[in-house]
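Breakdown of the fold
Listed here are the chains, written in short residue letters.
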Amino acid sequence: MHPPNRRQFVHSAAAALFGAPALLAQPRRPPNVIVLLTDDQGYGDFACHGNPLLKTPNIDRIHGESVRFTDFHVAPMCTPTRGELLTGVDALRNRATSVTAGRAVVRRDIPIMSDYFAQSGYSTGLFGKWHVGDNFPYRPMDRGFQESVYFLGWGLSSAPEFDNDYFDGRYRHRGAVKQFPGYCTDFWFSQAMDWMGQQSAKRQPFFCYLPTNVPHGPQWVDPRYSDPYRRKGVPAEFFGMIANADENVGRLDEFLSKSGLRENTIVVFMTDNGGTAGVNFYNAGMRGRKTQYWEGGHRVPCFIRHPAGKFGAPRDVTGVSQIQDILPTMIDLCDLKRLPSPVPHDGTSLAPALRDSKKALPDRTVVVQYGQHLKPFDCCVAQGRWRLVGRDELYNLDTDFAQANNVAAQNPEVLARLRGRYEKWWEGVEPLTRGFLPISIGSSRENPVMLSSSDWQDIYLDNHRTVSAGDGGAEGGPWTIRVESSGTYEISLARWPFERALALDAPCPEKKMRVAVLPAGKALPIAGARLRVGSHDLSAKTKPGDLSASFTVKLSAGPPSTMHGWFLDGAGAGICGAYYAKVRTV
């Protein structure tokens, strides 16, 4: 027997208090939840935020029906934002601090949003961009998602995807590679709606995480969406991708209405970082863009709608809030089980402000920081109207929203206060900034394990262009691994993705995509390979036409270690890293 949950207890108590007829009443059904997260869409890339050209009627409608948190902050780059959303914990504490370089996975010991929902009786599904771990134990199906339709890396031309297309491309269904029909964004939304319909038919509450890979580049979209914006000074393809995403938001809203799900479904709409291709056209008066610590790098929209939630009239809520607040908010709104965690949430619940229009957000100080090479004061500290950018830039947004005038000299007490808040925060996270989280090999959950240069330690090499150019130095970088089981392993190193079946010393031909061409990749005079793993330091010669260099080694289970493979020229000198590796137990 399990103890009754809060809903069961309240229902039973009502029956005891009011008599048998109360037993006929149905308990309140838990709300469904949809979290929408677009990629590289800035605060100014919406008509509802004043963009003078871009049309986003469906997102605008959700904006008009929502409680809107207008001073809402994320990390200035996507993986740190996604980790903060899923854990409710700052990036430097959950350790997903970068988009690559071995720093793009979340700690296994911190429960994530899908765990909370799954352990509270919800069905959980991911449709779209994951980007917090390509391998076990970090994949969506390893982290509480019962259904997962996704791709690897940051996008469809990232190093692990390499030459995937936005049209009729590849995706992964719970890890298995399949082909999708049509345009990627249309497919993610269609898959999500089909799955939500199935859960509804079973009267099963659901959590649907729908993070798109658009409008992140490459900017590939059907010209019927981009042509209306084709004029001088306008990012037509970028706006076209947003127009298509907006159309899909409209399809989703129509589905919710027709299926009867709209009233009791919480919809959260956000973007993952500041503006990119649209910044030079319109940036809503802000300074900065993606990767930067001025406001335009990390201030994004956050709209929350729940018609049955008694949120009151649609309205703006001022005061500093952050993406780490979303998980604590969902725990409160959906009455989710509190799960044990080694660290408390850095976010705070927004539920009081949602449920009571007179309730202001608490005065607070939040730190925005991310990165590959982490150092103190590479950050923004936000408190009320004040922004500390780095150690020495202080801005008052009430009088200088564009952050044009540094007022640190005129406000030494504010500068000292914000520096002190940051220093206390940094003291708590600094020990976690060293080292890397390991990818498992030798687990029955993933065999073989396919690795790419995206996860090399501290080397930023995560896309088609850099792999094709042979970048990354003469030896590339190591992967951090954990050997899960002792035994014999076959480790194969490749210059190109294994599925391309290209020789180590061959160029990669250019590839025609639906609306673009991927350029050819550079041939390198590879004549051998070297592998360091465990106690082994091995070399092998390769012949022209070889697809990979393979090694067989005995490895013992143990703590995290490294595996490093690179290619050699005819003289035995390093020529480039092994951009791809396949590890399987024999």
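The preceding data block contains the structure.
Computed from a predicted structure; not experimentally measured.

**Observations concerning the packing of aromatic side chains**
Going through the model one piece at a time under the given rule, you end up with 26 aromatic pairs. Aromatic pair phenylalanine 167 and tyrosine 183: ring centres 4.9 Å apart, planes at 50°, arrangement tilted. With phenylalanine 167 in the loop between strand 5 (147-151) and strand 6 (170-173) and tyrosine 183 in the loop between strand 7 (176-179) and helix 6 (184-201), this pair connects stretches of sequence that are 16 residues apart. Here the guanidinium or amino end of arginine 287 rests over the ring plane of tryptophan 294, the centre of that ring lying 3.8 Å away. Sitting above the plane of the phenylalanine 498 ring, lysine 582 keeps its charged end 4.9 Å from the centroid.

**Examining the sheet that holds strand 16 (residues 386-389)**
Strands sit in the order 14-15-16-17 across an open sheet of four strands; the sheet is antiparallel. Each edge of the sheet is formed by a strand with only one pairing partner; in this case those strands are strand 14 (365-368) and strand 17 (393-396). Between one strand axis and the next, the sheet turns by 15° as a mean value, whatever way the strands run. For strand 15 (residues 380-383) and strand 16, the ladder comprises four bridges, and the chain directions are antiparallel. Following the sheet pairing, cysteine 380 is matched in strand 16 by valine 389.

**Let's talk about the nonpolar core**
Ranked by size, the top nonpolar core spans 51 residues in total, and within it Tyr166, Met196, Cys208 and Leu252 carry the most contacts. A total of 11 residues in this core trace back to one element, the largest contributor, which is helix 8 (residues 236-258). In this view, methionine 196 contacts Ile34, Phe206, Cys208, Leu252, Phe255 and Leu261; residues no more than four positions away in its chain are not counted. In this structure, Phe311, Met330, Leu350 and Ala351 belong to the second largest nonpolar core, which totals 46 residues.

**Examining the state of the cysteines**
One pass over the full model with this rule turns up zero disulfides. The thiol of cysteine 78 is not disulfide-bonded; the next cysteine sulfur, from cysteine 184, is found 15 Å away. Given a relative accessible area of 3%, cysteine 78 falls into the buried group. As a non-bridged cysteine, cysteine 379 has cysteine 380 as the owner of its nearest cysteine sulfur, 7.0 Å distant.

How each quantity is defined
The residue numbers shown here count from 1 along each chain, following its written sequence. Per-residue local features are limited, in this predicted model, to residues with pLDDT of at least 70; the limit for side-chain atom pairs, both in listing and counting, is 80 or more; totals at the level of whole chains, interfaces and linings are taken over all residues. The basis for the side-chain values is all heavy atoms of the structure; hydrogens and waters are excluded. Think of it this way: a Phe, Tyr or Trp ring, Trp meaning its six-membered ring, pairs with another when their centres are within 6.5 Å, and the plane angle makes it stacked under 30 degrees, edge-to-face over 60, tilted otherwise. To qualify as a helix, a DSSP run of H or I must reach at least 4 residues; to qualify as a strand, a run of E must reach at least 2; elements of each kind are numbered from the N terminus. Whether a charge sits over a ring comes down to the Lys NZ or Arg CZ being within 6 Å of the ring centre and within 35 degrees of the ring normal. Strands qualify as paired when DSSP identifies two bridges or more between them. For helices, the fitted axis covers only the stretch in contact; all axes are lines through C-alpha atoms, and the angles between them, taken along N-to-C directions, range from 0 to 180 degrees. To form a nonpolar core, buried Ala, Val, Leu, Ile, Met, Phe, Trp, Tyr and Cys residues must be joined to one another through side-chain atoms within 4.5 Å. Any residue under 20% of the maximum accessible area for its type is buried, any over 50% is exposed, and the rest in between are partly exposed; the area is computed with a 1.4 Å probe on protein chains only. Note on contacts: a residue pair qualifies if any of its non-hydrogen atoms lie within 4.5 Å across the two residues. The definition used for a disulfide is geometric: two cysteine sulfur atoms within 2.5 Å.

Just distances and angles here, no functional claims.
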